[in-house]
Amino acid sequence: MSIYTNKKKTIFRWFILPWIIGLLLIFLAVGLVTDMDKKLKPFVALDNVSSDELYQLDLKRSYAEGVKLDENLPLYTKGNDKSVGILLIHGFTGSPYEMHELSAYLNKFGYSTYSVRLPGSGTAPENLNEFSYADWYESLKFGYYALKNSSDQVFVVGQSLGGLLASAVGYYNEVSGIIMLNPAIKIKDWRFRFIPLIKFFNNISKKSDFDANYAGYFYDVWPMKGMYQLYLTQKYVKKNLYDYDSPIFLVQAKEDEVVDYRGVLRYFKNIKAKDKKKFLVEGKEDMHVLTLSKNSKQQLVFNAISNWIKEKSNVRQ
């Protein structure tokens, strides 16, 4: 009986298991290729639509998805100086709320700002599982054209996932500068590389370190299919976006608890741009979302952003 059992184990281990693993890897590879066939393109021209009308269309989209809190709605603030408009893109599981303080800071300089809301955000976590990276990118056209139609120059600022999307906006559309805040080029958690597989077995995963003070503005869970789209966004940016016509400014925390800053710096070193500059932030606490007031380096980051925008907008003028 034991000999028979051992033979069965040997057959399974050396003949059946490799086939299962091989087929699984092929299945995942084919799935990745299929899921990454969504080629991003320049936004459809909306030059003839007024900025106010675009904003109202974006608000209607948010209401239709079920946004209840005003802080989670897109926010368009017109500045006194029509020379500069700044598109602000929040991160994964966040909402426009996380960019509000940066928006208010930039408004003080007379700039117009538009804080976007990515589809699936600011409503219910499971909604993030319903949208693709192409949907996220396309949603940015309302804010982009609201600013483009009312400002001489458009800058785009993105945080984490928003940093990846900001790079796509600047790659495919005309902007005067791209600012990436802790872009999610490489995630520290080793489990992230297995997201293409994990998403088949787990729909939602609880965050272990969620700050309850931000309940309602950030999700306290990780939607797995949505995270897979973050994974695809990361892969798309690395594979396709490497030669930029616009200046790029990277703001990266060395102690970022989510993103591997060394991986980000390697990516930044290899890309080509009209000109590029990096600003490394030193600190130990809450360093991933740089725009929140709980971050002790917030004003340092804000100053660096405004100084770079001022420098680049003067160059254009």
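Let me sum up the structure you'll find in this document.

Reading the values: rules and limits
- Residues numbered from 1 in each chain as written.
- Predicted model: local features only at pLDDT ≥ 70, side-chain atom pairs only at ≥ 80, totals over all residues.
- Heavy atoms only, no water.
- Helix = DSSP H or I, 4+ residues; strand = E, 2+ residues; numbered from the N terminus.
- Buried < 20%, exposed > 50% of the residue type's maximum accessible area, 1.4 Å probe, protein only.
- Contact = heavy atoms within 4.5 Å.
- Areas by Shrake-Rupley, 256 points an atom, 1.4 Å probe, with all protein chains shown as cover.
- Pairing = 2+ DSSP bridges.
- Axes fitted to C-alpha atoms, helices over the stretch in contact; angles between N-to-C directions.
- Core = buried A, V, L, I, M, F, W, Y, C linked by side-chain atoms within 4.5 Å.
- Patch = residues over 30% accessible without salt bridge, like charges linked within 9 Å, V, L, I, M, F, W, Y side chains within 5 Å.
- Salt bridge = Lys/Arg side-chain N within 4 Å of Asp/Glu carboxyl O.
- Lys, Arg positive; Asp, Glu negative; His and termini not counted.
- Charge placed at Lys NZ, Arg CZ, Asp CG, Glu CD.
- Parallel < 35°, antiparallel > 145°, perpendicular 65-115°, else oblique.
- Left-handed = near helix turned anticlockwise from the far one by under 90°.
- Nonpolar A, V, L, I, M, F, W, Y, C, P; charged D, E, K, R; others polar.
- Phe/Tyr/Trp six-rings, centres within 6.5 Å; stacked < 30°, edge-to-face > 60°.
- Right-handed = clockwise from strand over helix to strand, strands pointing away.
- Polar contact = N/O pair within 3.5 Å; in protein donor to acceptor, adjacent residues only side chain to side chain.

1. With respect to the overall build of the chain
Each helix and strand in the chain was counted, giving 10 helices and nine strands. The buried share among the 317 residues of the chain stands at 51%. Expressed as a percentage of contacts within the chain between residues at least 6 apart in sequence, the contacts between residues at least 24 apart total 76%. When the accessible surface of the chain is summed, it comes to about 15500 Å², and 55% of that surface belongs to carbon and sulfur atoms.

2. Comments concerning the sheet that holds strand E2 (residues 84-89)
Picture the strands of a sheet paired through backbone hydrogen bonds; they go either parallel or antiparallel. The sheet built from seven strands is open, its strands ordered E1-E3-E2-E4-E5-E8-E9 with mixed pairing. Two strands bound the open sheet, and with one partner strand each, they are strand E1 (75-77) and strand E9 (276-281). Along the sheet, successive strands turn relative to each other by an average axial angle of 15 degrees, direction set aside. With six bridges connecting them, E2 and strand E4 (residues 153-159) associate as parallel partners. Of the residues in E4, the one forming a bridge with Leu87 is Val156. Along the sheet face, helix H2 (residues 51-65) touches E1 and strand E3 (112-115) and points at about 160 degrees away from the line of E1. Strands E1, E2, E3 and E4 of the sheet are contacted by helix H5 (residues 141-148), whose axis makes an angle of about 170 degrees with E3.

3. Structural notes on the nonpolar core
Judged by nonpolar contacts, the single largest core of 61 residues is most densely connected at Leu87, Ile89, Tyr114 and Val169. Take this core: its biggest share by element is eight residues, from helix H8 (residues 224-240). Formed by 24 residues, the second largest nonpolar core is a distinct cluster that contains Ile179, Leu290, Val301 and Ile309.

4. Some thoughts on a positive patch on the surface
On the surface, a cluster of positive charge is contributed by Lys188, Lys235, Lys238, Arg262 and Arg266. Where the positive patch is concerned, the elements lending two or more residues are H8 and helix H9 (261-270). Within the secondary structure, Lys238 is located in helix H8.

5. What to know about the packing of helix H6 (residues 161-172) against H8
Where H6 meets H8, the closest approach of the two axes is 10 Å, and the angle between their N-to-C directions is 40 degrees. With respect to H8, the axis of H6 lies oblique. Considering the relative orientation of H6 and H8, their crossing is left-handed. Contact residues: Leu161, Leu164, Leu165, Ser167, Tyr171 and Tyr172 in H6; Leu230, Thr233, Gln234, Tyr236, Val237 and Asn240 in H8. Of the residues belonging to the contact of H6 with H8, the class tally is eight nonpolar, four polar and no charged.

6. Things to note about the environment of Tyr55
Topologically, Tyr55 is positioned in helix H2. Each C-alpha atom, one on Tyr55 and one on Phe142, is 6.7 Å from the other, the two residues being 87 residues apart in sequence. In this structure, Tyr55 is in contact with Pro74, Leu75, Tyr76 and Tyr114, ignoring residues within four places of it in sequence.

7. Focus: the packing of aromatic side chains
Applying the stated criterion across every chain, the model contains 23 aromatic pairs. Aromatic side chains Tyr133 and Tyr236 sit 5.7 Å apart centroid to centroid with 40 degrees between the ring planes, which places their arrangement in the tilted category. Taken together, the residues span a long stretch of sequence, with Tyr133 in helix H4 (residues 133-139) and Tyr236 in helix H8 at a distance of 103 residues. Plain terms: the ring middles of Phe192 and Tyr231 are 5.7 Å apart, the flat faces sit at 55 degrees to each other, and that makes the pair tilted. In this pair, Phe192 sits in the loop between strand E5 (177-181) and helix H7 (195-198) while Tyr231 sits in helix H8, placing the two residues 39 residues apart along the sequence. According to the relative accessible area criterion, Tyr231 is buried, its value standing at 9%.

8. Concerning the pairing of E9
Judged from the six bridges that link them, strand E8 (residues 248-253) and E9 form a sheet pairing that is parallel. If you follow Ala253 over to E9, its bridge partner there is Val281. Handedness of the crossover joining E8 and E9 through H9 is recorded here as right-handed.

9. Description of H5
Counting buried positions along H5 yields six of eight residues, so the element is predominantly enclosed. Among all positions of H5, only Phe142, Gly143, Tyr144, Tyr145, Ala146 and Leu147 are buried.

10. Considering the side chain of His288
One can find His288 in the loop between E9 and helix H10 (298-316). Given a relative accessible area of 9%, His288 falls into the buried group. Looking at His288, its side chain comes within polar contact range of the side chain of Ser160, at 2.9 Å. Filtering out sequence-adjacent residues up to four positions away, His288 remains in contact with Gln159, Ser160, Asn182, Asp256, Glu257, Val258 and Val259.

11. Things to note about the side chain of Ser103
Note that Ser103 resides in helix H3 (residues 100-107). Judged by relative accessible area, Ser103 falls into the buried class, the value being 1%. Those residues in contact with Ser103 that sit more than four places away from it in its chain are Thr77, Leu88, Thr113 and Ser115.

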